[in-house]
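Residue strings, one per chain:
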Amino acid sequence: MSSTFIPFHKPAIGEDEIQSVIETLKSGWLTTGPKVKTFEADFGRYVGSSHAVAVNSGTAALHLALDAVGIKEGDEVIVPAMTFAATAEVVLYLKAKPVLVDCRADTLNIDPDAIEGKITCKTNAIIPVDIAGQPCDFDKIMEIARSHKLKVIEDAAHALPAAYRKEKVGRISDITCFSFYATKTITTGEGGMATTENAEWAERMRMMSLHGISHDAWDRYTDKGSWYYEIIRPGYKYNLTDIAAALGIEQLKKCDRFHQARQQIAMRYHDCLADLPGLQVPTCRPDVQHAWHLYVVQLDLEQLRIDRRDFIKALKAENIGASVHFIPLHLHPFYRDSFGYEPADFPNASAAYERIISLPIYPKMTEADIEYVISTVSKILKQHRR
Ligand SMILES: Cc1ncc(COP(=O)(O)O)c(C=O)c1O
């Protein structure tokens, strides 16, 4: 057994990030200011998007994006059942209704063939989620959206850096929302970014991220700007701090290097785990660049005498942290009770939930860590094969 615990995730924070934060602390400007502006410019350039709006979480980015495209009370928004709480709750913030759609059995991304049956005259948007960092089937999703005049707000919390048919995630959908939460592919502790080609939506998100007022703090309090401001709409308090942006600027510089490291781990896992009876490795489509934020394997329960819960316990007993992404929304009390959803309404998400395990995948993993995860997974499978 490994003498030290291999956690599910460890952030990759180096001296550059530490120095950058110290510099910001010493600068005297802590909240939204020059570092945020630089981070936005760098990020927009990196994903190839004309506008990038930094906020204090991925959830805030999703909320502002829905608000910017005009989602309002009574609207319906298509949301995958297989996702995190944030994707659907932002729809409810605006008093609209999240309408759940099943996932594909292979990629776990929203099933485009299941979307059209859920569209009504009240539907105004789709929120595809790039699960684990693999872009959704955007040709089909955009075609459905355009033919029904729906906006596409992409939840790309997992998908930096990723691409679909050579188009970078960040410029495919109407608005793309990223997360820089502590476990994500780059982190600012907490943080998020919304990218779009639409200047009006960008301006609206920027304004609503800071109380719906006409200038941000940088313009108001420095001699470049004036003390005068106007409240245009009742907005939110979603602005990113310069402390967080200082982290983000340095993390973004390493994004490609981090990605390469995760890709190598994914390839090692694939090579060593793909042929093991009792386990399915993740499906990666040939026409995408997968961000490999998560490596989600599925247990072949018919071949095993152990269930998913006990498999994770067995990994923990061997000093390996693992997780589940996700408990599908329709299985949570709120969505089950509010909308009357049953497991059978989403057969792929319900079946996947019983089988999925997210294994550790992050740049700080050592060669020995990777080897140990592979040998331990193989050992547990062998011990519990029928
Ligand atoms: C799919 C998905 N969407 C949205 C979010 C929300 O991001 P944040 O924690 O930055 O608000 C997460 C966070 O884990 C996520 O996994």
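Here's a quick rundown of the structure. (Residues numbered from 1 in each chain as written. Predicted model: local features only at pLDDT ≥ 70, side-chain atom pairs only at ≥ 80, totals over all residues. Heavy atoms only, no water.)

## A word on helix α10 (residues 308-317)
In step 1: Every buried residue of α10 is listed here: R308, F311, I312, A314 and L315. Mapping the buried residues of α10 onto a view down its axis gives an arc of 155°, with all of them on the same face. Residues R309, K313, K316 and A317 are exposed on α10 and point more than 90 degrees away from its buried face.
In step 2: Taken together, the buried residues of α10 touch β12 (295-299), α12 (347-353), β13 (356-359) and α13 (367-383).
In step 3: Near the N-terminus of α10, the side chain that reaches the backbone nitrogen of R309, with its oxygen 3.4 Å away, is that of D307. (Buried < 20%, exposed > 50% of the residue type's maximum accessible area, 1.4 Å probe, protein only. Helix = DSSP H or I, 4+ residues; strand = E, 2+ residues; numbered from the N terminus. Arc of directions from axis to C-beta. Contact = heavy atoms within 4.5 Å. Polar contact = N/O pair within 3.5 Å; in protein donor to acceptor, adjacent residues only side chain to side chain.)

## A look at the packing of aromatic side chains
In step 1: Under the defined criterion, the tally for this structure stands at 15 aromatic pairs.
In step 2: Measuring from centroid to centroid gives 5.3 Å for Y236 and Y238, while their planes differ by 20°, and the two rings are stacked.
In step 3: Look at Y238 and you get buried, because its relative accessible area is 16%.
In step 4: Measuring from centroid to centroid gives 6.3 Å for F334 and F339, while their planes differ by 85°, and the two rings are edge-to-face.
In step 5: Overall, F334 belongs to the partly exposed group, its relative accessible area being 44%.
In step 6: Look at F339 and you get partly exposed, because its relative accessible area is 25%.
In step 7: The cationic tip of K168 hangs over the ring face of Y46; the distance from NZ or CZ to the ring centre is 4.3 Å.
In step 8: When the ring centre of Y353 is taken as origin, the NZ or CZ atom of R308, which lies over that ring, is 4.6 Å away. (Phe/Tyr/Trp six-rings, centres within 6.5 Å; stacked < 30°, edge-to-face > 60°. Lys NZ or Arg CZ within 6 Å of the ring centre and 35° of its normal.)

## Re a nonpolar patch on the surface
In step 1: Residues I13, I18 and I22 make up a contiguous nonpolar surface patch of about 200 Å² in total accessible area.
In step 2: Considering the arrangement of structural elements, one finds I22 in helix α1 (residues 15-27). (Patch = residues over 30% accessible without salt bridge, like charges linked within 9 Å, V, L, I, M, F, W, Y side chains within 5 Å. Areas by Shrake-Rupley, 256 points an atom, 1.4 Å probe, with all protein chains shown as cover. Salt bridge = Lys/Arg side-chain N within 4 Å of Asp/Glu carboxyl O.)

## Description of the sheet that holds strand β10 (residues 279-280)
In step 1: Spatially, three strands are ordered β10-β12-β13 in an open sheet, and the strand pairing comes out antiparallel. Since the sheet does not close on itself, it has two edges, and those belong to β10 and β13, each with one partner.
In step 2: In this sheet, β13 lies alongside β12 in antiparallel orientation, the contact comprising four bridges. Note on β13: the bridge partner recorded for V297 is I357.
In step 3: Against the sheet, helix α9 (residues 255-273) engages β10, β12 and β13, with an angle of about 20° to β12. (Pairing = 2+ DSSP bridges. Axes fitted to C-alpha atoms, helices over the stretch in contact; angles between N-to-C directions.)

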